[in-house]
Amino acid sequence: MVACDTGRWGLDCVSVCDCGNSDGVCDAQTGRCHCEAGFTGPRCDQKCPAGSFGPGCKHRCQCENQASCDHVGGACTCKIGWTGTFCEKPCPQGFYGLDCQQKCVCMNGGLCDHVRGECACQPGWIGPHCNQTCPAGLYGVSCSQTCVCHNNSSCEAVSGQCECSAGWTGDTCSQRCSPGFFGTGCAQRCLCQSGGSCDPESGRCFCPSGWTGSACELGERLILTLNLPEYSAGLAVL
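Since we're looking at a predicted model, the values are computed, not measured.

Reading guide: rules and limits
By convention here, each chain's residues receive numbers from 1 onward along its written sequence. Thresholds applied to this predicted model are a pLDDT of at least 70 for local features of residues and 80 or more for the giving and counting of side-chain atom pairs; totals over whole chains, interfaces and linings are not thresholded and use all residues. In computing side-chain values, all of the structure's heavy atoms are included and hydrogens and water are not. The secondary structure listing takes helices from DSSP runs of H or I that are at least 4 residues long and strands from runs of E that are at least 2 residues long, numbered from the N terminus. In this treatment the radius of gyration is a C-alpha quantity, and the globule benchmark scales as 2.2 Å times the residue count to the 0.38 power. Contacts were defined at the residue level, with two residues in contact if any of their heavy atoms lie within 4.5 Å. Note on areas: these come from Shrake-Rupley sampling with a 1.4 Å probe, and a residue is covered only by the protein chains present in the view. When a carboxyl oxygen of Asp or Glu lies within 4 Å of a side-chain nitrogen of Lys or Arg, that pair is called a salt bridge. Buried, partly exposed and exposed residues are distinguished by accessible area as a fraction of the type maximum, computed with a 1.4 Å probe on protein chains only: under 20%, between the cut-offs, and over 50%, respectively. Only a pair of cysteine sulfur atoms within 2.5 Å counts as a disulfide in this structure description. In predicted models, pLDDT denotes the confidence assigned by the predictor to each residue on a 0 to 100 scale. Lys and Arg are tallied as positive, Asp and Glu as negative. Neither His nor the chain termini are counted. Whenever two N or O atoms come within 3.5 Å, that pair is a polar contact, provided that in protein one can donate a hydrogen and the other can accept it, and provided that, for residues adjacent in sequence, both atoms are side-chain atoms.

The subject of this paragraph is the overall build of the protein chain. Regarding its fold elements, the protein chain presents two helices and 30 strands. Taken against the 2.2 N^0.38 rule, which gives 18 Å for 238 residues, the C-alpha radius of gyration of the protein chain at 44 Å runs more than 25% over that of a compact globule. Seen through its principal axes, the protein chain has C-alpha atoms that stretch 155 × 35 × 20 Å. Here the analysis covers contacts within the protein chain between residues at least 6 apart in sequence; of these, 10% occur between residues at least 24 apart. When the accessible surface of the protein chain is split by element, carbon and sulfur atoms take 52% of a total near 15,300 Å².

Right, dumping it as C-alpha cells:
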C-alpha cells in the first residue's frame, strides 16, 4: 500500500482530508482527522464537551463554582464574585464583581456580598452602606427589634440595652433611684441633711418641716432668731 501524502487518504490516496481544527493530517485509511487540542468529531469541528479539555478531550476540568473551562488548555473563567486558579475562592472582603475588581462601600463593620456588593449590616446599622443608625425605639439586626425602655429612656442600637434617663434605673428603666441617690445612672449621692429627701432626677432637696436651705442645713427657728430686732441690735453693738 502506498503511503499517502499529507492531507490525502484512501485508495490510491485520491481523497482529501476534510478537517477543520487540526494539523491537516487525517488517517490514511479511514480519513479520520487528527484533531488539535480542545476539538473533537470526525472533522474536528466540535469543541470538547463541557467539563473536558485538551488533546482528545481526555482531561477533566477542575473549575469550581460554575466557572467555565477553556476547551483547549483547561484554564478557568470565573463567574462574578469568584477568583483563584480554579475559581475556588470568593472575592476578598471589601471587593466584589467580575474579577473582584469593584470595591465595596460598606461602613461600620458591614460585610460585602462578594457577588453583588450588597452590604450586610452589623446590628444597630441600616442603609445601603450601613451608615445609618437604628431609628429611636429600634435595635438589632436590620433594626428589627423593639426597645423596651420606659420613662423617656433611650435604647442602645446594637444590643437594645436601655440607657436610663436621670432618676431611673433597672433593665427597663422602670425603677426609681434608691433613696439617697439621683441623676443619670443613679450615680450621684444626695446632699440633703436633717432628714430631707432628694429629687431622683435633679438632686434637689425637699426639706422636712422646720428646715430650709439648699441642703436642708438651716433650721427655721435659727433663721427667725437671727431676724429678731433685738438680736440684730445686739449684733450692731458688737
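After presenting the structure, the write-up continues.
Take the pattern of salt bridges next. This structure, assessed with the given rule, holds three salt bridges. The shortest N-O distance in the salt bridge between Asp-18 and Arg-43 comes to 3.0 Å. Of this pair, Asp-18 sits in the loop between β2 (15–16) and β3 (22–26) while Arg-43 sits in the loop between β5 (39–40) and β6 (46–47); the two residues are 25 residues apart in sequence, bridging distant segments of the chain. Take Asp-18: its relative accessible area is 45%, and that puts it in the partly exposed class. With a relative accessible area of 37%, Arg-43 lands in the partly exposed category.

We now examine the environment of Lys-103. Mapping Lys-103 onto the fold places it in strand β14 (residues 102–103). By relative accessible area, which is 59% here, Lys-103 ends up exposed. Along the sequence, Lys-103 and Cys-192 sit 89 residues apart, while their C-alpha atoms lie 61 Å from each other. Sequence-distant contacts of Lys-103, that is, excluding residues within four places in its chain, are made with Gly-94, Phe-95 and Tyr-96.

One pass over the full model with this rule turns up 20 disulfides. Note that Cys-61 is cross-linked by a disulfide to Cys-69, the S-S spacing being 2.0 Å. Across the S-S bond of Cys-61 and Cys-69 the torsion is about -75°, and the bridge reads as left-handed. Two residues share a disulfide in this structure: Cys-104 and Cys-112, whose sulfurs sit 1.9 Å from each other. Here Cys-104 and Cys-112 share a disulfide; its torsion about the S-S bond, -70°, makes the bridge left-handed.

Per-residue pLDDT for the protein chain has a mean of 89; in total, 91% of the residues score no lower than 70. Note on residues 231–238: pLDDT is under 50 here. Beyond four places in sequence and across chains, it has four contacts.

A positive phi angle is found at Asp-99, which is not glycine, with a value near 60°. Position of Asp-99 among the secondary structure elements: in the loop between β13 (95–96) and β14. Residue class for Asp-99 comes out exposed when judged on its relative accessible area of 52%.

Turning to the side chain of Asp-199, a few remarks are in order. Counting through the fold element by element, Asp-199 comes out in the loop between β27 (197–198) and β28 (205–206). One buried charged residue, Asp-199, forms no salt bridge at all, with the nearest opposite charge on Arg-176 at 6.1 Å. Within polar-contact distance, the side chain of Asp-199 engages the backbone nitrogen of Glu-201 at 2.9 Å. Engagement of the side chain of Asp-199 in a polar contact is seen with the backbone nitrogen of Ser-202, the distance being 2.8 Å. Each residue touching Asp-199, except ones within four places of it in the same chain, is listed here: Phe-182, Arg-204 and Phe-206.

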